[in-house]
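A look at the structure
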Amino acid sequence: MYKFNSSFRWALLAQADSEVATLTLPPGDPESNIEQLKQPASTVAQLPNNCEINVNKNVTKTSNEQQLEYLLSNLMKYGVLIASAVVLLGGILYLIHHGTEPAEYHFFRVEPLEFRSPVGVVKAVLSGSNRGIIQLGLLLLIATPIVRVFISLLAFLVQRDFIYITVTLLVMASLIYSLIGAYY
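Keep in mind it's a predicted model, so treat the numbers as computed, not measured.

A closer look at the overall build of the protein chain
- Helices and strands together make up the secondary structure of the protein chain, namely 4 helices and 6 strands.
- Reading the secondary structure of the protein chain in the N-to-C direction produces β-β-β-β-β-β-α-α-α-α.
- Out of the 184 residues in the protein chain, the part that is buried amounts to 22%.
- Considering only contacts within the protein chain whose residues lie at least 6 apart along the sequence, 51% involve residues at least 24 apart.
- Roughly 13600 Å² of accessible area belongs to the protein chain as shown, and the carbon and sulfur atoms make up 64% of that amount.

Regarding the packing of helix H1 (residues 63–98) against helix H3 (residues 130–159)
- Packing of H1 against H3 brings their axes to within 6 Å, and their N-to-C directions diverge by 170°. When the axis of H1 is compared with that of H3, the two are roughly antiparallel.
- Taken together, the residues that form the contact of H1 with H3 break down as 22 nonpolar, 9 polar and 3 charged.

Structural notes on the side chain of Thr168
- Along the chain, Thr168 falls in helix H4 (residues 162–180).
- Aside from chain neighbours lying at most four places away, what touches Thr168 is Val149, Ser152, Leu153 and Phe156.

Some remarks on the UniProt feature "transmembrane region" (unreviewed entry) in the protein chain
- On the UniProt side, "transmembrane region" (unreviewed entry) is annotated at positions that read residues 78–97, 133–155 and 162–183 here.
- The span residues 78–97 shows a helical share of 100% and a strand share of 0%, and its end C-alpha atoms are spaced 29 Å apart.

As for helix H2 (residues 118–126)
- Buried within H2 we find Gly120, Val121 and Ala124. Viewed along the axis of H2, the buried residues span an arc of 100°, placing them on a single side of the element. Exposed residues lying more than 90 degrees from the buried face of H2 are Val119, Lys123 and Leu126.
- Downstream of H2 by one or two residues, Gly128 has phi in the positive range, about 95°.

The rules behind these values
- Residues numbered from 1 in each chain as written.
- Predicted model: local features only at pLDDT ≥ 70, side-chain atom pairs only at ≥ 80, totals over all residues.
- Heavy atoms only, no water.
- Helix = DSSP H or I, 4+ residues; strand = E, 2+ residues; numbered from the N terminus.
- Buried < 20%, exposed > 50% of the residue type's maximum accessible area, 1.4 Å probe, protein only.
- Contact = heavy atoms within 4.5 Å.
- Areas by Shrake-Rupley, 256 points an atom, 1.4 Å probe, with all protein chains shown as cover.
- Axes fitted to C-alpha atoms, helices over the stretch in contact; angles between N-to-C directions.
- Parallel < 35°, antiparallel > 145°, perpendicular 65-115°, else oblique.
- Nonpolar A, V, L, I, M, F, W, Y, C, P; charged D, E, K, R; others polar.
- UniProt positions renumbered as here; feature names shortened; annotations may be inferred.
- Arc of directions from axis to C-beta.

Laid out in structure tokens, this is it:
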């Protein structure tokens, strides 16, 4: 049981697909059961004690927008899962081969040249390096949001939405500078 002030207006998300509901409690009714709000509502639903729920369905998405959102969410979800699996596999293989070696922290060792570029990482993986597999997983993890931004840019170009194109280009430029700027 949730208690509300008698003149309190409460806005809540009725469903995840963009319906918004507004609840107005009648004066003199300080207690209300929030479970009644979870029931499916039509345009206006009458609740006990003269409470009303008004549902606003003005926000709609086109089929293309829904497909784009679905594609981008799956890209992020599966990209992170695949990258995590590759890092885990590389970590397990690394520990199998080098897990019993003592750690030497007396000297700072620079990252080997093969791991300083994406091409070097791929060559290390192809040569069977366990550290290369870990690095490949990290590269996949970094590449996932970059691919998402690139796909978003293509979608905004198709839609000719120039504000979003500009913002996405700024994000893409920032990502590229942060990755490539270290080499120059």
